[in-house]
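Summary of structural features
Single-letter residue listing:
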Amino acid sequence: MSECHLVRESMPLLLVEALERGERERAHQHIEDCGDCSDEWAAYRETWRSMGDLPELEVPVRVRARFLDAAGVAEPAPASRVRNVVPFRRRPAAKWLAQAAAVVVIAGGSWFAGTRTTVLDGARTPATIASITPAPYSIAEERIIPASEISPHIVGRPDIQNVQFLDPQGDKVGLSFDVTSRVTVTGSPGDRSMVRLLSYVLENENSMAQPRSRAIEWVKQTYSDPQFADPEIAGALARLLRSDEHEGVRIRAAETLKTMPAPAASATRAALIEALKNDPNPAVRIKAVEALANLSQSGEVFDPVTIDTLREKAAQSDENLYVRAKAAEVLSSVKLQ
Amino acid sequence: MRQRLYGVTLGIALAAAASAAAGVIVTDRQSYELPLSAGGVLVIENPYGNIAVTAADEAKIFVTADRVIRAADNNALNEARRTVQRTVAGNENTRIIRTIQPRSFPPRWSAQVHYTVRMPRSAQLNIMSNQTEGIRVTGLAGAVMVKNVNGPVVIEDNRGTLVVQNLNGDTTLISPQGPAADMAVSSVNGSIVVHAPIDAKFGWDVETVAGEARTPLAVRGGHFVSPTRFRGSINAPSDVTVLTHTFLGNVTLLPMGPTAVRGPSIREMARSIVMPGPRVGPQLPLNANRRGVHLPLVQSSYRYETSIGDVRIDEVRGTATIVTGAGEIHLGSVFGHCDVTSHGGPLVLGDIKGILSARTDGGNITVERAGAGGTIETGGGTVQVQYAGGPVQLSSGGGDIVLRHAAARVSAETRSGDIAITMAPDLKSERVVARTAKGNVVLTLPAGFSATVEAVVVTSEPNRHSIRSGFPGLSIQREQVDGKTRIRATGKINGGGQRVELQAQDGGIQLVPATVRVSPALP
């Protein structure tokens, strides 16, 4: 194999600074001396630079599965077997990781396309689901990954801590550690994974880089659209409404539930009733009774407990007058059948 | 238990299958009589249908229960007959008549059960109903309790204690001999009418928040126990009290027989009644226009007060003074000073050119532009101000405070919530005070802003809550106070200037230069 061929093969690693120091210096020396390799290297760097300006998009699941299948690489182990903490925190290596992943996928995709030499058959075939491919990446607290499924190249400078060396099991050794990396998840608001992820982060204050009331505002803007209204998001908001000690957060949660279409919000009625009865903040109670009014107007049938709570509120002389008036308004249009 | 049940299910089809489109209407009648002691209790639970109860001088109840079913076809009719059951249980001390039916009817049929009951005069009666075209109880001497949601209730010539809770329906009490025992009628949206002899003596406890309370009978003494609740005597003091409370409805106390005189309102009478204390009285405005007001344009200054109702005015070309007991206030633009008060409800204000005074006992306040600054307070809720051109004081009993552009000094305080203030980019120095008893403070300042800063964080989680500054010149001290960590940052930024005091408990503080990113946490 010629020197040029070897250097060109190692250019991706050179890009991400993953080559050993000696190899790196030899490669750079060759590039300086060889015009063809210098041009090749310049093209690599230009491509790399322009990729940094591109939005970071997730590789489609189906494309990835087909690629890995053709490459003879198995999917990662299911999340239930994994075991390492992966908290969210912004790391400067995020873009490097994404760029490296993009290079791997593009290079792999090119190779995969090149290996397909059969002519595509355009004839129609009936659509069948042979199997359901599990999502290739799950956000998990713990994860066990066979070494064969990990790229030998460590990209960027990931923050690896709490390294433990596991006792050998037969011919296998193990290494356990915490790694912090920046993950960007993109998708439609209706994607199950997106909904689940948002519900999780909404309820975990420590994960927020900005005030949670702002995050709820973001959720409100996204999920008040009837096409994306989701009971799971509504449930997460209901739990915030019940338990968050921050009054601004509870106000926003009730406010967001108020804007949610009835099918998504009806399951949260108990939380709204509880807030109306017990929340010390009048604004929370106002938003809760307004949300109940919306439910009533959308034809929701109220149970006796809800009606009784509204009646008590309307009659409670020391209650905020607006809450009383709204409770009376809801009762006046309450649907019994 | 001696029980004689007869006349079961006469199955009278009063009308049937007029046409396929009209469906089937069938009435099944069930009649029976059962013993009930003179001091016994009769309970009637009938979610949908009418109830008429009269007194009998026998220790028995006589019941007729007509089940009226409206069905699309015979299959639906049969399903309704299986589903809607009339049951009776208990013994001669307590009888429970109950209609069993689903909480909601399927689309193919609906059903009501109408009860006509005679019962021992001195027995107690409890009625529970959701929807009725009428509940009427006549001539009983025992205690009566009626709980209903929709539909009218009439109680006539009742001599025992009475409790009626009729959420949305109107209630009428007719007492030809005057109230002989305490009576309590409460409603939310319904009105209450009481007929009594013109010389009847009883105490009257009346409350209506959005309606009117009137009587032509003689009210002797009395006082307001709350801004909306009056307690006085009719003709003379008495041990018997008639309590009539409603939220949105009216209360009228009339003499027996036909009368066209409704009498003066209690609110009006209150003007001539001596109040027991300076703070007890009809503090709410006399106007009770529950629909509120909606005006596109007011050419001059405007003043409006109502005990309940929303106020929506697009433009006031003068000063505006608005008070509502309960309701939203929306003002588009006000050319002069603006004073708005709601005892409960959100305030949404646009371009206020004069000094603004906005207060609500509870609810969010949103202000687009407070041109001359002012005071903005809520008992609980978020405060959002886009622009404050003059000194502004913001406070919330609980909720976030956001001020996006402050061109003069700012004071912001919340019991629980985040405070975010952005000072105008051309400001060189200005006094800022921001305090939250639970939450974060984020203050964004122009890069050249000069200030003498004192920022204090008190937290039980010092790793989470810290003071971050994009301005050099602050020194940090940490100390333990009552089991919490107190982090204090003091110093002068850009050479020092007006005082900037920031306090956050169980939260962090950020001082952000308008164009520069925040540095990592200070040690």
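Cut-offs applied
Residue positions are counted from 1 within each chain, in the order its sequence is given. Note on labels: chains are lettered from A, ligands numbered from 1, in written order. Residue-level local features of this predicted model are given only where pLDDT is at least 70; pairs of side-chain atoms are given and counted only at 80 or more, and the full residue set underlies all totals for whole chains, interfaces and linings. In this text, helices come from DSSP runs of H or I with a minimum length of four residues, and strands from runs of E with a minimum of two, each type numbered from the N-terminal end. In this scheme every C-beta is placed from the backbone, and a residue whose C-beta has 20 or more other C-beta atoms within 10 Å is buried, one with 12 or fewer is exposed, and one in between is partly exposed. Residues are defined as contacting one another if the C-beta atoms placed from their backbone atoms lie within 7 Å. Residue polarity follows a fixed list, in which Ala, Val, Leu, Ile, Met, Phe, Trp, Tyr, Cys and Pro are nonpolar, Asp, Glu, Lys and Arg are charged, and the others, Gly among them, are polar. Nonpolar cores are identified as sets of buried Ala, Val, Leu, Ile, Met, Phe, Trp, Tyr and Cys residues joined via C-beta atoms within 7 Å. Interaxial angle, 0 to 180 degrees, is taken between N-to-C directions of lines fitted to C-alpha atoms, where a helix line uses only the stretch in contact. In what follows, roughly perpendicular refers to angles from 65 to 115 degrees, roughly parallel to angles under 35, roughly antiparallel to angles over 145, and oblique to any angle outside these ranges. Crossing chirality is assigned from the near helix's rotation relative to the far helix, an anticlockwise turn below a right angle marking it left-handed and a clockwise turn marking it right-handed. Take the number of residues in a helix, subtract one, and multiply by 1.5 Å to get its expected span. In this description, strands pair whenever DSSP reports at least two bridges between them. For every residue, the predictor assigns a confidence score, pLDDT, that lies between 0 and 100.

**With respect to the overall build of chain A**
In terms of regular secondary structure, chain A is built from 15 helices and two strands. Burial statistics for chain A: of 337 residues in total, 26% are counted as buried. By sequence separation, contacts in chain A at least 24 residues apart represent 70% of the contacts at least 6 residues apart.

**Focus: the interface of chain A and chain B**
Residue-level contacts link 27 residues of chain A with 42 residues of chain B. Mapped by element, the contributors of at least two residues to the side of chain A that touches chain B are α10 (247-259), α13 (282-297), α14 (304-315) and α15 (321-332) of chain A. Per-element accounting of the side of chain A that touches chain B gives the leading share, eight residues, to α15 of chain A. Across the side of chain A that touches chain B, the residue classes break down as 16 nonpolar, eight polar and three charged.

**Let's talk about the nonpolar core**
Of all hydrophobic cores here, the largest spans 59 residues; its most connected members are Leu331, Val367, Ile376, Val385, Leu403, Ile421 and Leu443 of chain B. Residue contacts for Leu403 of chain B: discarding those within four places in its chain leaves Val385, Ala388, Leu394, Val410, Ala412, Ile421 and Thr422 of chain B. By size, the runner-up hydrophobic cluster in this structure holds 57 residues, among which are Ala253, Leu257 and Leu295 of chain A together with Ala326 of chain B.

**Let's talk about the packing of helix α12 (residues 269-278) of chain A against α14 of chain A**
Residue and element names in this part refer to chain A. α14 packs onto α12 with a crossing angle of 25° between their chain directions and a minimal axis gap of 10 Å. Here α12 is positioned roughly parallel relative to α14, judged by the angle of their axes. Like other packed secondary-structure pairs, α12 and α14 cross with a definite hand, here left-handed. Of α14, the residues touching α12 (which contributes Arg269, Ile273, Leu276 and Lys277) are Thr306, Thr309 and Lys313.

**Here's the deal with helix α9 (residues 231-243) of chain A**
Between its first and last C-alpha, α9 of chain A extends 18 Å over 13 residues, near the 18 Å set by a 1.5 Å rise per residue. Those residues of α9 of chain A lying buried are Ile233, Ala234, Ala236, Leu237, Ala238, Leu240 and Leu241 of chain A.

**Structural notes on the sheet that holds strand β36 (residues 419-423) of chain B**
Residues and elements named next belong to chain B. Taking strand neighbours across the sheet as the criterion, the 11 strands line up as β22-β24-β26-β28-β30-β32-β34-β36-β38-β44-β40 in an open arrangement whose pairing is parallel. Each edge of the open sheet carries a strand with a single partner, namely β22 (293-295) and β40 (467-469). When strand polarity is set aside, the average angle formed by the axes of neighbouring strands in this sheet is 10°. Pairing of β22 with strand β24 (residues 311-316) involves three bridges; the strand directions are parallel.

**Some remarks on unusual backbone geometry**
Although it is not a glycine, Asn162 of chain A sits at a positive phi angle of roughly 50°. With respect to the element layout, Asn162 of chain A can be found in strand β1 (residues 159-169). Phi is positive for Asn235 of chain B, close to 70°, though the residue is something other than glycine. For Asn235 of chain B, the position within the fold is in the loop between β19 (229-234) and β20 (241-246).

**A word on α13 of chain A**
Residues and elements named next belong to chain A. With 16 residues, α13 extends 22 Å between its outermost C-alpha atoms, agreeing within 8% with the 22 Å of an ideal straight helix rising 1.5 Å per residue. Taken across its 16 residues, α13 has 13 buried, putting it largely inside the fold. The first or second residue beyond α13 is Gly299, which carries a positive phi of 95°.

**Re the pairing of strand β4 (residues 60-71) of chain B**
Residues and elements named next belong to chain B. Sheet analysis places strand β1 (residues 24-35) next to β4, joined by 12 bridges and oriented antiparallel. Bridge pairing links Leu34 to Ile61 in β4. Examined bridge by bridge, β4 and strand β7 (residues 109-120) share 10 bridges and lie antiparallel to one another. Residue pairing for β7: Phe62 is matched across the bridge by Arg118.

**With respect to the sheet that holds β1 of chain B**
Residues and elements named next belong to chain B. Strand order in the open sheet formed by 10 strands is β1-β4-β7-β3-β9-β11-β13-β15-β21-β17, with mixed pairing between adjacent strands. Looking at the sheet topology across the chains shown, the edges are occupied by β1 and β17 (213-214). Strand direction decides the pairing type here: strand β13 (residues 171-174) and strand β15 (residues 192-196), joined by four bridges, are parallel. Following the sheet pairing, Leu173 is matched in β15 by Val194.

**Focus: the pairing of strand β25 (residues 320-324) of chain B**
Residue and element names in this part refer to chain B. Among the five residues in β25, four count as buried, and that is most of the element. Bridge count between strand β23 (residues 302-306) and β25: five bridges; the pairing is parallel. Paired with Arg303 across the bridge in β25 is Thr321. Note that β25 and strand β27 (residues 338-342) share five bridges and pair parallel. Following the sheet pairing, Ile322 is matched in β27 by Val340.

**With respect to the confidence of the model for chain A**
All names here are of chain A. Summary statistics for chain A give a mean pLDDT of 75 and a share of 70% for residues scoring 70 or more. Per-element confidence in chain A is highest for α12, whose mean pLDDT is 92, and lowest for helix α6 (residues 94-115), whose mean pLDDT is 51. Scored below 50 in pLDDT, residues 77-94 makes 39 contacts in the model with residues more than four places away or belonging to other chains. Within the model, the stretch residues 113-123 combines pLDDT values under 50 with one contact to residues more than four positions away or in other chains.

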